[in-house]
Amino acid sequence: MFIQSTQTSCSLAISEQDEAFMRYALTLADKAEAEGEIPVGAVLVDKLGNIIGEGWNQSISLCDPTAHAEIQAVRFAAKFAKNYRLLDCTLYVTLEPCTMCAGAILHSRIGRLVFGASDYKTGAIGSRFHLFEDYKMNHFLEIRGNVLQAECSQKISQFFKKRRLEKKRQISQNNI
């Protein structure tokens, strides 16, 4: 789980706003899936609750390994804000960020991160790695995990289950 430290804090209550923006991020994950991408969506919100950036996984379609949902949302928001510092903003993402995305969160100085499903293979916010628990980091943020965890986990699980079945059918057809 998440360890509270002087660098990060974990809020316990899930607000209506957190739930609403995570539901929106789930609709962005649907866009990724419709494009044949891993269904992850992200939305970046300013302190007034305005959406200033959004994204979904596009690594395959853009032939860009950095085109994760979080990176896309951060890029969009930075252009919108005309600033690479996204202070006092909250990033909502359906899947725990990887180390690359956590680095982008760190460098953009996002103030709060809210994510849905944990990623036990590549998650950098506590599941696999603990990037923000390092006291040497020069930026600290609030982290809230497991918001709409069941829906977010189910979306990812169903996607990979479907992909495994398709691969199995393809192998089966090739053996005929």
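Residues numbered from 1 in each chain as written. Predicted model: local features only at pLDDT ≥ 70, side-chain atom pairs only at ≥ 80, totals over all residues. Heavy atoms only, no water.

Of the residues in the chain, 92% reach a pLDDT of 70 or more, and the chain-wide mean stands at 90. Confidence over residues 1–11 falls short of pLDDT 50; this stretch has 30 contacts with residues more than four positions distant or in other chains. (pLDDT = per-residue confidence, 0-100. Contact = heavy atoms within 4.5 Å.)

Moving on, we get to the UniProt feature "binding site: Zn(2+)" (unreviewed entry) in the chain. The sites that carry the UniProt feature "binding site: Zn(2+)" (unreviewed entry) are, in the present numbering, His68, Cys98 and Cys101. What stands out for the annotated residues spanning 34 residues is how close their C-alpha atoms remain, the widest pair being 9.4 Å apart. Of the annotated positions named here, the largest pocket is lined by His68 and Cys98. Residue position: His68 is located in the loop between strand E3 (51–56) and helix H2 (69–81). Assessed through its relative accessible area of 23%, His68 is described here as partly exposed. Contact partners of His68, with chain neighbours within four places excluded, come to Trp56, Asn57, Ser59, Cys98, Met100 and Cys101. Inspection of the secondary structure puts Cys101 in helix H3 (residues 99–108). With relative accessibility at 1%, the residue Cys101 sits in the buried group. Here Cys101 is in contact with His68, Glu70 and Ile71, once residues within four sequence places are set aside. (UniProt positions renumbered as here; feature names shortened; annotations may be inferred. 1 Å grid on protein atoms, 1.4 Å probe; cavity = no way out; pocket = protein on both sides within 12 Å on 5 of 7 lines; lining within 4 Å. Helix = DSSP H or I, 4+ residues; strand = E, 2+ residues; numbered from the N terminus. Buried < 20%, exposed > 50% of the residue type's maximum accessible area, 1.4 Å probe, protein only.)

We now examine the pairing of strand E2 (residues 41–45). Counted residue by residue, E2 has five buried out of five residues, so it is predominantly covered. Side chains Gly41, Val43 and Val45 of E2 all project onto a buried face; the interleaved residues Ala42 and Leu44 project onto the opposite face, where all are buried too. In the sheet, E2 pairs with E3 via five bridges, with the strands oriented antiparallel. Its bridge partner lying in E3, Val45 is registered against Ile51. Linking E2 to E3, which pair antiparallel, is a turn of five residues; within it Gly49 sits at a positive phi near 90 degrees. Pairing geometry for E2 and strand E4 (residues 90–95), over four bridges, is antiparallel. Residue pairing for E4: Val43 is matched across the bridge by Tyr92. (Pairing = 2+ DSSP bridges.)

This model, assessed by the stated rule, comprises six salt bridges. Residue Arg112 pairs with Asp18 through a salt bridge whose shortest N-O separation is 2.7 Å. In this pair, Arg112 sits in strand E5 (residues 112–117) while Asp18 sits in helix H1 (residues 16–34), placing the two residues 94 residues apart along the sequence. In this structure, Arg112 and Asp18 share a single accessibility class: buried. (Salt bridge = Lys/Arg side-chain N within 4 Å of Asp/Glu carboxyl O.)

Here the focus is the layout of surface pockets. Put simply, the largest pocket is a space of about 600 Å³. Here the lining of the largest pocket takes five residues from helix H4 (residues 149–174), the largest share from any one element. (Points joined across faces, edges and corners; volume = space filled by probe spheres on them.)

Another aspect to go through is the nonpolar core. Residues Leu44, Leu86, Leu91, Leu113 and Phe132 are the most contacted members of the largest nonpolar core, which totals 41 residues. When contributions to this core are tallied by element, the ones reaching two or more residues are H1, E2, E3, H2, E4, H3, E5 and H4. Looking at which element gives the most residues to this core, the answer is H1, with six residues. With residues near it in sequence (within four places) discarded, Leu44 still touches Asn50, Ile51, Ile52, Gly53, Ala73, Val74, Ala77, Leu86, Cys89, Thr90, Leu91 and Ile110. (Core = buried A, V, L, I, M, F, W, Y, C linked by side-chain atoms within 4.5 Å.)

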